[in-house]
Amino acid sequence: MLNHCRALDLTDDKGFLCGKILGDLGVDVIKIEPPGGDLSRRTGLFWHDIPDPNKNLYWFAYNSSKKGITLNIESAEGRDIFKNLVKTADFVVESYPPGYMDKLGLGYVNLSEINKGIIMASITPFGTEEPYRGYKDSDIVVMGMTGTLYQTGESDGPPVHISMPQACLHAGADAAVGSMMAYYYREKTSVGQHVDVSMQQSAAWFQANAVPTWELNHKILKRSGAFRAGMSKQVGQRQVWPCKDGYVFFNVIGGRTGAKSLSSLVAWMDREGMATDFLLNLDWDNFDMFTVTREEMDNISNPVGAFFKKHTGKELLEGAVARGVSIGPLSSMEDLLNDECLNARNFWKKIEHPELGESITYPREFVKSTEADCSTRFRAPLIGEHNDEIYKGIGLSQQDIQKLKQDGII
Amino acid sequence: MYITERDGVFKGLTILAFCWAVVGPLTMKFFADHGATVIRVETSKRPCTMRVSAPYKDNIPNYNKGGYFNYYNSNILSLGLNMQLPESREIAKRLAIECDVFMENYTPGVIEKWGLSYEELKEIRPDIIMLRQSGYGSWGPYSNLPAFGMVLVPIAGLPNYIGWPGKEPLPVGVSAYTDCISPRFATAALIAALDYRKRTGKGQLLDLSQFENAIYFIAPGVLDYTVNGREPERIGNSSPDAAPHGVYPCRGDDRWCTIAITGDDEWASLCHEMGRPEYVEDPRFTTLADRKKNEEDLNRLVSDWTLDLTPEEVMERLQKAGVAAGVVKNTADMMEDPQLRKRNIYWPMEHSEMGTFTHLGQSFQLSKTPSKPYSPSPLLGEHTEYVCTKILGMSDEEFIDLMQKGVFE
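Residues numbered from 1 in each chain as written. Chains lettered and ligands numbered in written order. Predicted model: local features only at pLDDT ≥ 70, side-chain atom pairs only at ≥ 80, totals over all residues.

Scanning chain A for helices and strands turns up 17 helices and 14 strands. Counting only C-alpha atoms and orienting by the principal axes, one finds that chain A spans roughly 85 × 50 × 40 Å. When the 410 residues of chain A are sorted by exposure, 56% land in the buried category. For chain A, the share of sequence-separated contacts (at least 6 apart) that also reach a separation of at least 24 residues comes to 68%. (Helix = DSSP H or I, 4+ residues; strand = E, 2+ residues; numbered from the N terminus. Buried ≥ 20, exposed ≤ 12 C-beta atoms within 10 Å, placed from the backbone. Contact = placed C-beta atoms within 7 Å.)

Structure below.
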């Protein structure tokens, strides 16, 4: 859809997802790394555990559908080249520390003088305001400042972190949303603008009902492990249940919202002789999670728990789909790759990595459009892979490029 | 009733939204907070699950007093329609023609039942843009499976990354973490579709699956499996690339801080701050590899230090020394967070049933067209008359006639 647009992506692992979303929507995204490659290529997961910056799986996952060049924007010559690229671009995305781009003379104000319509998104750990402006970040540190970490974990233990970094994804996705909004506005007014994204704010945006619960009841929602807090006046509700070969997530929800799903589950249990009289006689339409008692909850949880233990996750998912019961077995990666729904919707796509001699399976697309194919188009760039193509595109000769390479600019 | 004049990026854009739960409103808020007129269709026969979820104002269950709903629906207008009646479906069709976008995130089949499928709407509005955002996609084997964020989180595999080795997997946060993932993807795609229509004259159907979108948040783990055949393991608060790395207990009731050390220089800074410079030379902790090997000892001695301090003290002292550290903030801390306050993530607004009530604001800032709190979350059907008479241009007679037929709620 956006094949007429170009983005310059200067982000490190704090903001990859922004350019990835734009790239899958058709934008010509050019990743710009310092000579030698982005530092984030050096940590994390690797292809066959070989710690080679061109074999980083984190890089692969979020930099596909992008081209890649190297450029030292700290050198005067590098800055000039960057400014020439900005003339050809619609979007710039960066995740340098607050003030870094301004100091180089490449802040939004400078770039908008070169290209009035340029849209620039900046991703920082905590925003550009004091007191946290210069604070150092790490995913666990940022997530700690969003409320989510405090709310995750067992009730009698410390908060537990999601070991796959998340704050960068919320921020990267927000940078894409903000850039698209700014683009929409630019198409009406021909004026670009700056998109200011803080990882903390992006990851803190969604807190379920924690904020109103604090405001209305002066109650701080705490982590509750396998139990879910906050739905009932007095009773914790189990949500992680052991099944025959793993775990299944299931919430007892009454009233009109949950009645259909709960009645179907009870009917299913009844067919296998596992529904109790209490369950069969319960009026789910009028069952209120808000006022439920401990005894009622136990009368539900015990037979339901026994039923789950008798079945594998796969059986429970198949039964849930057939009967419209809202239960979620915990998928392993193998389960996801074999998932019936994902495969029916053609969610997986093999992408060729010629230099590795193999194709790798990726998530295909985040949206299905009847007008445009939004599939991941090609694998992430090797270090400096598209230097010749891109630099020639802005009028540099082979000799110029050779010279820049010798001088360590690219 | 008074409707504030809207400005910003989406001034003049109208969206007809059959929203549900949190995913729908969060997506629509991106537009409404930036000036779009978002008309949310609701019914009292089956109010949004958020309207009937705790907490409630004064603990009285009432669908206009729900804190969960009212936190997420500012700037959105509510049109109360009894969709069981053919007249209501006609109004929905008239609005679909009038509006720029038709959005829905119900379980697939509901809008079809009302005669509002993409194919049918395309007949009456050839360049319609429809955004569908259900749990598992608008078609496919799971399309009938009711979706809740609490269930989508495990089906998408996220809890494999949360918990302690050998113990049970854990949910993320309070609940429904995936609810904030799909809205970002949907918004980026929808703006692209609006731009595409402007340039080509063509509308389209956008079909998103919350399940598929959530997998993007663990994509490197997917590749670790497809490339290396490795399933994720729960590793508590440790990291293969940092030590110390974790959550440490502090002074006070349920107070915790985070510390993350990747480099040896930062480790030396931490040792000096802890008043234990001798650890810098301690062979158990010299390199990252040493610290990983002796992580249990390492975490114990860091905890011994943090226990006597407040998390704020740990954060301020370590950050001053160039070490990544923070407070593990609870909701009360969040609402006092100096950074978030300056960045306007929370919008206190006057709500006729709630009083002064904090509504959710936006998650980022645009320099020239800021998001704004135009109106508090709507009462059910609060804007019915406005939408019918001002947007659809119904005469008073027609409006009253339909009202008497029970079309409006």
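Back to the text.
With that settled, the discussion passes to the packing of helix H1 (residues 16-24) of chain A against helix H7 (residues 167-189) of chain A. All names here are of chain A. With their axes 6 Å apart at the nearest point, H1 and H7 run at an angle of 45° to one another. If you check the angle between H1 and H7, you find them oblique. The chirality of how H1 crosses H7 is right-handed. Of H7, the residues touching H1 (which contributes Phe-16, Leu-17, Cys-18, Ile-21 and Leu-22) are Leu-169, Gly-172, Ala-173, Ala-175, Ala-176 and Ser-179. (Axes fitted to C-alpha atoms, helices over the stretch in contact; angles between N-to-C directions. Parallel < 35°, antiparallel > 145°, perpendicular 65-115°, else oblique. Left-handed = near helix turned anticlockwise from the far one by under 90°.)

Moving on, we get to the sheet that holds strand S6 (residues 204-209) of chain B. Spatial ordering of the open sheet is given by S14(A)-S6(B)-S5(B)-S4(B)-S1(B)-S2(B)-S3(B), a layout of seven strands whose pairing is mixed. The open sheet has two edge strands, strand S14 (368-369) of chain A together with strand S3 (76-80) of chain B, and neither has a second partner. (Pairing = 2+ DSSP bridges.)

Partitioning chain A into domains gives domain 1 (6-205 + 380-406) and domain 2 (226-330). Domain 1 of chain A and domain 2 of chain A are separated by 44 Å when their C-alpha centres are compared. (Domains from an automatic or database assignment.)

Let's shift gears to the domain arrangement of chain B. Segmenting chain B into domains produces domain 1 (14-217 + 343-404) and domain 2 (245-333). Spacing between the C-alpha centres of domain 1 of chain B and domain 2 of chain B amounts to 43 Å.

With that out of the way, let us pick up the confidence of the model for chain B. Considering every residue of chain B, the mean pLDDT works out to 96; 99% of them sit at 70 or more. Overall fold confidence for the complex sits at a pTM of 0.96, while the interface term, ipTM, reaches 0.98. (pLDDT = per-residue confidence, 0-100.)

Tallying the contact residues gives 126 residues for chain A and 122 residues for chain B. The biggest single contributor to the side of chain A that touches chain B is H7(A), with 12 residues. A per-class count over the side of chain A that touches chain B returns 71 nonpolar, 40 polar and 15 charged. (Nonpolar A, V, L, I, M, F, W, Y, C, P; charged D, E, K, R; others polar.)

Let's shift gears to the environment of B:Arg300. For B:Arg300, the location among the structural elements is in helix H13 (residues 295-306). Spatially, the C-alpha atoms of B:Arg300 and B:Gly137 are 47 Å apart, while their sequence positions differ by 163 residues.

Attention now moves to the packing of helix H1 (residues 23-32) of chain B against helix H7 (residues 182-200) of chain B. For any two helices packed against each other, the geometry is given by the interaxial angle and the distance between the axes. All names here are of chain B. Direction vectors running N to C along H1 and H7 enclose 45°, while the axes themselves pass 9 Å from each other. As judged from the angle between their axes, H1 and H7 are oblique. Considering only the axes of H1 and H7, their crossing is right-handed. Here H1 contributes Val-23, Leu-26, Thr-27 and Phe-30 to the contact with H7, which in turn contributes Ser-182, Pro-183, Ala-186 and Thr-187.

Moving on, we come to the pairing of S3(B). Along a regular strand, successive side chains alternate from one face of the sheet to the other. Residue and element names in this part refer to chain B. Judged by how many residues are buried, S3 sits mostly within the fold: five of five residues are covered. Side chains of S3 alternate between two faces, with Ile-76, Ser-78 and Gly-80 and Leu-77 and Leu-79 buried alike. Here five bridges tie strand S2 (residues 37-42) to S3, and the two strands are oriented parallel to one another. When the bridges of S3 are listed, Glu-42 appears paired with Gly-80. With respect to chirality, the unit in which S2 leads through helix H2 (residues 67-72) into the neighbouring parallel S3 is right-handed. (Right-handed = clockwise from strand over helix to strand, strands pointing away.)

This next bit is on the sheet that holds strand S8 (residues 256-260) of chain B. All names here are of chain B. Read across the sheet, three strands follow the order S7-S8-S9 without closing on themselves; strand pairing throughout is antiparallel. Across the chains shown, the open sheet's two edge strands, defined by having one partner strand only, are strand S7 (245-249) and strand S9 (324-327). Strand-to-strand twist of the sheet, defined as the mean angle between neighbouring strand axes without regard to direction, takes the value 20°. With five bridges connecting them, S7 and S8 associate as antiparallel partners. Directly across from His-245, in S8, lies its bridge partner Ala-260.

Burial within S6(B) is extensive, with six of its six residues counted as buried. Neither face of S6(B) is open: one carries B:Gln204, B:Leu206 and B:Leu208, the other B:Leu205, B:Asp207 and B:Ser209, and all of them are buried. As paired elements, S14(A) and S6(B) share two bridges and run antiparallel to each other. Its bridge partner being in S6(B), A:Lys368 is matched across the sheet by B:Asp207. In the sheet, strand S5 (residues 129-134) of chain B pairs with S6(B) via six bridges, with the strands oriented parallel. Bridge pairing links B:Gln133 to B:Leu208 in S6(B).

Below, the discussion takes up the environment of A:Gln237. Residue and element names in this part refer to chain A. Relative to the helices and strands, Gln-237 resides in strand S8 (residues 237-238). On the basis of neighbour count, Gln-237 is assigned to the buried category, with 21 C-beta atoms found within 10 Å. In sequence terms Gln-237 and Asp-298 are 61 residues apart; their C-alpha atoms lie 9.7 Å from each other.

Here the focus is unusual backbone geometry. Peptide bonds are, in most cases, trans, and in most cases residues other than glycine have a negative phi. Note the cis peptide between B:Ala54 and B:Pro55, where omega equals 5°. A cis amide bond, omega -5°, links B:Ala243 with the succeeding residue B:Pro244. Here B:Pro244 shows up in the loop between helix H9 (219-228) and S7. Positive phi outside glycine occurs at A:Asn346, with the angle close to 60°. Assignment of secondary structure puts A:Asn346 in the loop between helix H15 (340-344) and strand S12 (348-353). With 12 C-beta atoms counted inside 10 Å, the residue A:Asn346 sits in the exposed group. With phi around 55°, B:Asp58 is a residue other than glycine that occupies positive phi space. As for its placement among the helices and strands, B:Asp58 is situated in the loop between S2 and H2.

This paragraph deals with H7(A). All names here are of chain A. With 23 residues, H7 should reach 33 Å at 1.5 Å per residue; the first-to-last C-alpha distance of 32 Å fits that figure. Taken across its 23 residues, H7 has 19 buried, putting it largely inside the fold. Just downstream of H7 lies Ser-190, where phi reads positive at about 60°. (Expected span 1.5 Å × (residues − 1).)

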